[in-house]
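Residue-level structural notes
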Amino acid sequence: MHLDNLLTVTDQSVTKAKRDMENTREQIISSAFSFYTKPEINNVSLSAIAARAGITKPAIYRHFKSRQELEQVLEDRVYSEIYSVLSKITFKKDEGTLALIEDVVVLLLTHKEYLFYLISNQNDFSLDEAMFKLKDLGLPFFDSVFATDGSVTNMEKYKMAVYLGCNVLFFVILRNRVLEELNRQDTYSDVLEFASKIEKFLICGLGQNISNFTVSRLATLDENCQSNMKLLKPVNKIFVSVSEIVKEKGFRGITVESVAHGIGLAKSSIYTKFENKTQMIGSLIQEEFEEMFKFIKDNSVFAENNAERIYVLMETVLIYFMKKPEVLTVGKWFQFHSFAEIVNVDKYEERVYNDYFKNIEFYDAFPDFGLPVQDKRIVVSWLTMMPVVLYRHAKTRNISPEVVQAMLKDILIMMETGVGKGNEK
């Protein structure tokens, strides 16, 4: 064989080997993502990933030095894909974030594994972190929201970005759960229709009359809610222990033994009250949430119309979590489980709805969320979600309670009037 022919064959062999390595690496990444069809509280083992990729576990280390490197590559892939979609959008002065909504909804519904991976593998996934990563990747909109050190430079744009972002995530996760319960699969045309309706809803809002939302009227509602909630019960000490573990180690770090150690009890003492970890957390959440729901019901009598009842609900939730932040920390368990899975009570959601929300009106007509069902519980979940997200972000940024209260009022206006061009700043 001539030397030049030998070099050609060698080059082809090297190229094929390199291509095979790249294909295997990509197969590992795809296999890892494939486990995240919903949020997972437990780590996916490297053995399981290797088996799905059709290789041995040791073979993974030829492509990734460690599990941590693989996880970083997965996270980078998620943000790279989101950036790829958003960077194609032309940011016109009069459009801003509105141009993002439909495209992001489509991306996350056609690649649910991206969102569920982030939720599953970050102890405290936040929109702040996601938005700042997109800024670092070069997405121009966020240059006008964050400084290079991560501080907020434009609070109006920040509030709107958080509002739109949390709504997109909420409705993507909600649609996934609704279709799972109905045992239905999304088609691409269904996804496009849903994304269009969510965009329209967020731009237009509920459209209810808020002309009587004067500063003095909202201050009166604030005062009534706060006065009625002065006698909140202290948080269960077991709940406090669970909260501390979640903050330090995430939900994967919770064991009955670690909870018992946190409150200075023997593990057997916990087992006299609860059968297992899931029942323990479910029972604690049930007790706390029902107290909050009762305050929502009681405080709703202060409201005079639908829009005020929405505000009272959100104000009550905000006050509750400000006074009991541990409940919010553990309440993130809902990222991984439904109410039915957490609280082992037959038809629990239906009972809660009938006891606390059935006779409270929040809207003139059911909002078109683009879902195959119209259930008031969806609206209640949406309204409850908003102050939760607001408080979490405010707490991260050490925003004062007074400013958080003012931000809640701004959020309410966006919910009612939408975030159309007239609201962008």
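Residues numbered from 1 in each chain as written. Predicted model: local features only at pLDDT ≥ 70, side-chain atom pairs only at ≥ 80, totals over all residues. Heavy atoms only, no water.

1. A short note on the nonpolar core
Tyr-163, Met-280, Phe-357, Phe-369 and Trp-382 are the most contacted members of the largest nonpolar core, which has 141 residues in total. The greatest single-element share of this core, amounting to 14 residues, is contributed by helix α8 (residues 155-182). Excluding residues within four positions of it along the chain, Tyr-163 makes contact with Leu-202, Trp-382, Met-386, Ile-411, Met-414, Met-415 and Val-419. (Core = buried A, V, L, I, M, F, W, Y, C linked by side-chain atoms within 4.5 Å. Buried < 20%, exposed > 50% of the residue type's maximum accessible area, 1.4 Å probe, protein only. Helix = DSSP H or I, 4+ residues; strand = E, 2+ residues; numbered from the N terminus. Contact = heavy atoms within 4.5 Å.)

2. Quick word on the confidence of the model for the chain
Per-residue confidence for the chain gives a mean pLDDT of 84, with 88% of residues at or over 70. Here helix α17 (residues 339-342) stands out as the element of the chain with the lowest mean pLDDT, 64, in contrast to helix α15 (residues 306-323), whose mean of 94 is the highest. Predicted confidence for residues 90-96 stays below pLDDT 50, and this span has 11 contacts to residues more than four positions away or in other chains. (pLDDT = per-residue confidence, 0-100.)

3. Looking at the packing of α15 against helix α19 (residues 376-396)
Where α15 meets α19, the closest approach of the two axes is 9 Å, and the angle between their N-to-C directions is 40 degrees. With respect to α19, the element α15 is oriented oblique. The crossing of α15 and α19 is right-handed. On the side of α15, the interface is formed by Ile-310, Leu-313, Met-314, Val-317, Leu-318, Phe-321 and Met-322, while α19 contributes Leu-383, Thr-384, Met-386, Pro-387, Val-388 and Tyr-391. Tallied by class, residues from the contact of α15 with α19 come to 12 nonpolar, 1 polar and no charged. (Axes fitted to C-alpha atoms, helices over the stretch in contact; angles between N-to-C directions. Parallel < 35°, antiparallel > 145°, perpendicular 65-115°, else oblique. Left-handed = near helix turned anticlockwise from the far one by under 90°. Nonpolar A, V, L, I, M, F, W, Y, C, P; charged D, E, K, R; others polar.)

4. A look at the pattern of salt bridges
Taken as a whole, this structure holds 20 salt bridges when the rule is applied. A salt bridge links Asp-410 to Lys-159; the nearest nitrogen and oxygen atoms lie 2.4 Å apart. Note that Asp-410 is positioned in helix α20 (residues 401-417) and Lys-159 in helix α8, a separation of 251 residues in sequence. Asp-410 gets classed as partly exposed once you look at its relative accessible area, which sits at 28%. Put simply, Glu-193 and Lys-197 hold a salt bridge, and the shortest N to O gap is 3.5 Å. In this pair, Glu-193 and Lys-197 are both assigned in helix α9 (residues 188-204), 4 residues apart and thus about one turn of the helix distant. By relative accessible area, Glu-193 is classed as partly exposed at 43%. (Salt bridge = Lys/Arg side-chain N within 4 Å of Asp/Glu carboxyl O.)

5. Structural notes on the packing of aromatic side chains
Two numbers describe a pair of aromatic rings. These are the distance of the centres and the angle of the planes. Summed over all chains, the structure comprises 19 aromatic pairs. On the basis of an interplanar angle of 65 degrees and a centroid distance of 5.3 Å, the ring pair of Phe-33 and Tyr-114 is categorised as edge-to-face. Of the two residues, Phe-33 sits in helix α1 (residues 3-33) while Tyr-114 sits in helix α6 (residues 112-121), which places them 81 residues apart along the sequence. The same class applies to Phe-33 and to Tyr-114, which are both buried. Seen from their ring centres, Phe-201 and Trp-382 are 5.3 Å apart, and the 65 degrees between their planes marks the pair as edge-to-face. Taken together, the positions of Phe-201 in helix α9 and Trp-382 in helix α19 put the pair 181 residues apart, joining distant regions of the chain. Note on accessibility: Phe-201 and Trp-382 belong to one class, buried. Between the NZ or CZ atom of Arg-175 and the centre of the ring of Phe-194, over which it lies, the distance is 4.7 Å. (Phe/Tyr/Trp six-rings, centres within 6.5 Å; stacked < 30°, edge-to-face > 60°. Lys NZ or Arg CZ within 6 Å of the ring centre and 35° of its normal.)

6. Some points on the packing of helix α5 (residues 101-110) against α6
For the pair α5 and α6, interaxial distance at closest approach is 4 Å and the crossing angle is 85 degrees. Here α6 runs roughly perpendicular to α5, going by the angle between their axes. Where α5 approaches α6, its residues Leu-107, Leu-108, Leu-109 and Thr-110 are matched on the opposing element by Lys-112, Tyr-114 and Leu-115. For the contact of α5 with α6, the residue count by class is 5 nonpolar, 1 polar and 1 charged.

7. Comments concerning the environment of Tyr-363
Positionally, Tyr-363 belongs in the loop between α18 (348-357) and α19. On the basis of relative accessibility, which here comes to 15%, the residue Tyr-363 falls in the buried class. Each C-alpha atom, one on Tyr-363 and one on Ala-307, is 7.4 Å from the other, the two residues being 56 residues apart in sequence. With sequence-adjacent residues up to four places away left out, Tyr-363 is seen in contact with Gln-208, Asn-306, Lys-376 and Val-379.

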